[in-house]
Amino acid sequence: MQNSDETLAAALAATERIPAHSTRLGGREMGGQVQSWKVERAYSTDLPEALRAFSGSASAQLELSLGGSGAPAPRLYSAWSARGSGDVVRPGQSVVHAAGANDRTVPAFRGAVRSRTAASGSDTVTVQALDGA
């Protein structure tokens, strides 16, 4: 369990809260382009501990939906996009996600991009990341 500071504790106890999050992909802050995010945690697996990392099994997975910034997201972040923007979400890049309230956040996920999916005709790219991947 991570300790919070007094300011975050007060923000969480407030009657009105404004959700806050921060997402860094490949070292670049992408929080403004995140349309939605979800962290799923698994607390058990049937694989032996020595095989978990090798087989891709993880205890947490982050799923992000990214929108574009001045251009459609598939043009910026899909597999066929330019390296300047597309490399940020290529498999293997680092992901750091923090969540909280009222401009105060605590780390919620740290891992690496596993896959990205761009749907044609939409302005969304879905990125999946695993912790310890």
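Everything in this summary refers to the structure shown in the same document. As the structure is a prediction and not an experimental result, all values here were calculated from the model.

A closer look at the overall build of the protein chain
Right, on to step 1. A count of helices and strands for the protein chain gives four helices and seven strands.
Right, on to step 2. Put simply, the protein chain runs from its N terminus to its C terminus through helices and strands in the order α-β-β-β-α-β-α-α-β-β-β.
Right, on to step 3. By the burial criterion, 31% of the 133 residues in the protein chain qualify as buried.
Right, on to step 4. Considering only contacts within the protein chain whose residues lie at least 6 apart along the sequence, 59% involve residues at least 24 apart.
Right, on to step 5. Carbon and sulfur atoms provide 50% of the accessible area of the protein chain, an area that totals close to 8200 Å².

Brief notes about the nonpolar core
Right, on to step 1. With 19 residues, the main nonpolar core has L25, L66, Y77, V89, V95 and V127 as its most contacted residues.
Right, on to step 2. Ranked by the residues each element gives to this core, the list is headed by strand 4 (residues 60-66), at four residues.

Regarding the side chain of Q93
Right, on to step 1. Its place among the elements puts Q93 in the loop between helix 4 (83-86) and strand 5 (94-101).
Right, on to step 2. A distance of 2.8 Å separates a polar side-chain atom of Q93 from the backbone oxygen of D87.
Right, on to step 3. When residues no more than four places from it in sequence are discounted, the contact partners of Q93 are G26, D87, V88, G111, A112 and V113.

Definitions and limits used
- Every chain is numbered on its own, with residues counted from 1 as its sequence reads.
- Reporting in this predicted model follows two pLDDT cut-offs: at least 70 for local features of residues, and 80 or more for side-chain atom pairs to be given and counted; totals over whole chains, interfaces and linings ignore these cut-offs and use all residues.
- The basis for the side-chain values is all heavy atoms of the structure; hydrogens and waters are excluded.
- The numbering of helices and of strands both runs from the N terminus, where a helix is a DSSP run of H or I of at least 4 residues and a strand a run of E of at least 2.
- Exposure classes here rest on a 1.4 Å probe applied to the protein chains alone. A residue is buried below 20% of its type maximum, exposed above 50%, and partly exposed in between.
- Contact definition: two residues touch when any of their heavy atoms are within 4.5 Å.
- With residues, only the protein chains shown are counted as cover, and all accessible areas are computed by Shrake-Rupley using a 1.4 Å probe.
- As used in this record, nonpolar core signifies buried Ala, Val, Leu, Ile, Met, Phe, Trp, Tyr and Cys residues forming a set joined through side-chain atoms within 4.5 Å.
- Counting of polar contacts relies on pairs of N or O atoms within 3.5 Å, with two restrictions inside protein: one atom must be capable of donating a hydrogen and the other of accepting it, and residues adjacent in sequence are counted only when both atoms are side-chain atoms.

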